[in-house]
Amino acid sequence: MKMYKLLVAILSFALICGLLGACGTTPPAPTEPADATDAPAVETDGGTGEATQPEGYPEQTITWIVPAAAGAAIDLPTRALIEQLDLGDGAKVVVENIDGASQTIGTAEAKNRDADGYTLLTAANGGMLLQPSLVDLTYDTFEDFRHIAMIASPDPFAVAVSEDSGLQSFDELLEKLESGERLTWSAANPGSIGQLAMLAAFDQLGITSAEFVPFNGSPEVITALLGGHIDFMVMDAAVVSQRVEQGQVRALVSLSSSPIESLPDVPCIEDYGVTDADLFQGYKWLAVRSDTPDDIVEWIKLKVNEATQSEEYQQYLIDNHFGKLEVYTEEEITEIARESYEVCGEMLTELGMHMLAISPDIGAIPEAMSRKHFYRKHGPNAYFTNDDYGHGKIKRG
């Protein structure tokens, strides 16, 4: 139980300090949402106010990169939002799906495009918060990007089996796993927040017989589940709820501390003695290159927030089992991302999750991961230290 004690110590500190996002506590109260008929206020260089449309922008097609396959959990709300988005002058916005390597290929491509406001990016946990702690990448989450608008409400995860599975409940799944029976499972990507959430639950439950099978994105995982190639999956609760409604899957448990609105009749993992489940949630937001002109960024923020608060998009979120989305400022989103990035990076290192995500035969932590771990604690801008018990924590003050 050594790993469990370490996980609890790190997560308990996260809870006490109000850490946010994928591995944090409940995010700060977002900016009061605007009425659906009014444009929300955004931060501009001169303070809080409404941005004005930059001269000459937009004058060509805008590409919105989604670093996942079409139909993925981060793809669908992006497309729904674009339907309500009006950036002015009849601007056309097209989606470009660039999937692979747990969202890092598409994210890297967004960083390599011109910083002119004609490339937007759907950012999420995998490519921005988790993978940068596992491997060396060609982009930096905070130096290369600004995180400017939330595009979907925070989403917990759920465990599901195919509708024709013989497993009828999480109790039955646990019984098989506790007996040592080998069952296979997957999440959207190796090293994803969904995988981390399930591993944390397994650790508290003492489960060691479940075998993770990596796939590239949620569509592949769902296809594998429905095809009988894996026994169960961990996916965004909104996605699971949609598939339940379509009669394709059966939800067994939500990875949350209480029943969730989209799956009201499904037990929560806390019913089985698992704590701190709410520290794992999926986030989806809009990012642009950090050197994009400020006037263009402010205009994009204004119009995207306006679109998220539209009656049509809010209804889409309700119809597709997301929670109501309120407006978050750029500062709030950046805080969520930064705190999550810092804590999850240390958790991933200390839990040795890379071994499970890549191969059970790996015998040493990759050099890139060790280096990141060292600089988090001992570099010139170190922000992590150890408490009196040898557990990691963020430096304050």
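Above this note sits the structure.
In this text, all values refer to a predicted model and were calculated from it rather than measured experimentally. (Residues numbered from 1 in each chain as written. Predicted model: local features only at pLDDT ≥ 70, side-chain atom pairs only at ≥ 80, totals over all residues. Heavy atoms only, no water.)

**Q** Outline the overall build of the protein, supporting the account with residue identities and numerical values.
**A** On a plain count of helices and strands, the protein comes out with 13 helices and 14 strands. The buried share of the protein, taken over its 397 residues, is 57%. Summarising the internal contacts of the protein: among those between residues at least 6 apart in sequence, 75% fall at separations of at least 24. Split by element, the accessible area of the protein, about 16,300 Å² in all, is 48% carbon and sulfur. (Helix = DSSP H or I, 4+ residues; strand = E, 2+ residues; numbered from the N terminus. Buried < 20%, exposed > 50% of the residue type's maximum accessible area, 1.4 Å probe, protein only. Contact = heavy atoms within 4.5 Å. Areas by Shrake-Rupley, 256 points an atom, 1.4 Å probe, with all protein chains shown as cover.)

**Q** Can you lay out unusual backbone geometry for me, pointing to particular residues and giving the numbers?
**A** Here Tyr 57 and Pro 58 are connected by a cis peptide whose omega angle stands at -5°. With a phi close to 80°, Gln 103 is a non-glycine residue in the positive phi region. Structurally, Gln 103 is set in the loop between β4 (93-97) and α3 (104-112). Phi is positive for His 321, close to 70°, though the residue is something other than glycine. Along the chain, His 321 falls in the loop between α10 (311-319) and α11 (330-351).

**Q** Can you break down the nonpolar core residue by residue, with the values?
**A** Of all hydrophobic cores here, the largest spans 56 residues; its most connected members are Trp 64, Trp 285, Leu 286 and Ile 300. With sequence-adjacent residues up to four places away left out, Leu 286 is seen in contact with Trp 64, Leu 120, Leu 121, Arg 146, His 147, Ile 148, Ala 149, Ile 151, Ile 300 and Val 304. In this structure, Val 159, Val 161, Leu 174 and Ala 277 belong to the second largest nonpolar core, which totals 37 residues. (Core = buried A, V, L, I, M, F, W, Y, C linked by side-chain atoms within 4.5 Å.)

**Q** Quick rundown of the pairing of strand β3 (residues 62-66)? Include the residues and the values.
**A** Of all five residues that make up β3, five are buried, and the element is covered over most of its length. Of the two faces of β3, the one lined by Ile 62, Trp 64 and Val 66 and the one lined by Thr 63 and Ile 65 are each fully buried. With five bridges connecting them, β3 and β4 associate as parallel partners. Residue Thr 63 lies in a different strand from β4, and its bridge partner there is Val 94. Taken together, the three bridges between β3 and strand β5 (residues 119-124) define a ladder with parallel strand orientation. Considered in β5, the bridge of Thr 63 is made with Thr 119. (Pairing = 2+ DSSP bridges.)

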